[in-house]
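Now for the letters of each chain:
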Amino acid sequence: MNSYVFYSLVIFFTTFFAFLAQKFGKKDNNRFKPNKLFYFLSMLILVFVMGLRKEIGVDYGSYERMFDSIKDLGFLGYYSQGNVIEPGYVFLNYLVSLFNLNYNFLLFVTSFITIYFFYEAISYEIQNMSFALAVFIFSTTQYFYYFGIVRLGIAASIISFALRFIKEGNKKNLLCGY
């Protein structure tokens, strides 16, 4: 199957399930909540495509070498070599390697984190916009970039999620990021 057709189908089904999530959602405690089944189907399509990729993304090889290095040297040993990378990302690599899992599993975890936080940020505003349109815009303008810029994807998704705390005036949760 041509990759254009495959990724077009990914976007179509992701958007379709997002549409159904909003259509069959319900009001809960004065907030509209998307239908959980369709919400997770929409989200999981993106997670699986991003998480199960092999050698796709401009920094794929660099991230894989970083993972192998952290697996061999450990968390502190990696920094003792003079490496300067975000401690949270290095710790996530280290945590996955502790369970003797491979780089592909780390890709799946980072994909889940990125997509989950973006979906939570989008669904927070579901009362004010079309969930399907927001997911379509995200999947066509941002999603594929995060195949190559994994750490930025995680950071941008957490920041997008945390914006709700600014809107609510909840400084305590804003500083925690959750």
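Small disclaimer: the values here were computed from a predicted structure and weren't measured.

On the surface, Val 5, Leu 9, Phe 12, Phe 13, Phe 16 and Phe 19 cluster together to form a nonpolar patch covering roughly 540 Å² of accessible area. Examined against the element boundaries, Leu 9 turns out to sit in helix H1 (residues 3–23).

Quick look at the nonpolar core now. By size, the foremost hydrophobic cluster in this structure holds 26 residues, and its most contacted members are Leu 46, Ile 115, Tyr 119, Phe 131, Phe 138 and Tyr 143. Going through the elements one at a time, H1, helix H2 (36–51), helix H5 (103–124) and helix H6 (131–141) are the ones with two or more residues in this core. In terms of residue count, the dominant contributor to this core is H2 (seven residues). In this structure Tyr 143 touches Leu 46, Val 49, Met 50, Ile 115 and Phe 138, once residues within four positions along its chain are discounted. Among the nonpolar cores identified, the runner-up in size contains 16 residues, and Phe 67, Ile 70, Leu 92 and Leu 106 belong to it.

With that settled, the discussion passes to the environment of Asn 2. Relative to the helices and strands, Asn 2 resides in the segment before H1. With 88 residues separating them in the primary sequence, Asn 2 and Val 90 have C-alpha atoms 35 Å apart.

How each quantity is defined
Residues numbered from 1 in each chain as written. Predicted model: local features only at pLDDT ≥ 70, side-chain atom pairs only at ≥ 80, totals over all residues. Heavy atoms only, no water. Patch = residues over 30% accessible without salt bridge, like charges linked within 9 Å, V, L, I, M, F, W, Y side chains within 5 Å. Areas by Shrake-Rupley, 256 points an atom, 1.4 Å probe, with all protein chains shown as cover. Salt bridge = Lys/Arg side-chain N within 4 Å of Asp/Glu carboxyl O. Helix = DSSP H or I, 4+ residues; strand = E, 2+ residues; numbered from the N terminus. Core = buried A, V, L, I, M, F, W, Y, C linked by side-chain atoms within 4.5 Å. Buried < 20%, exposed > 50% of the residue type's maximum accessible area, 1.4 Å probe, protein only. Contact = heavy atoms within 4.5 Å.

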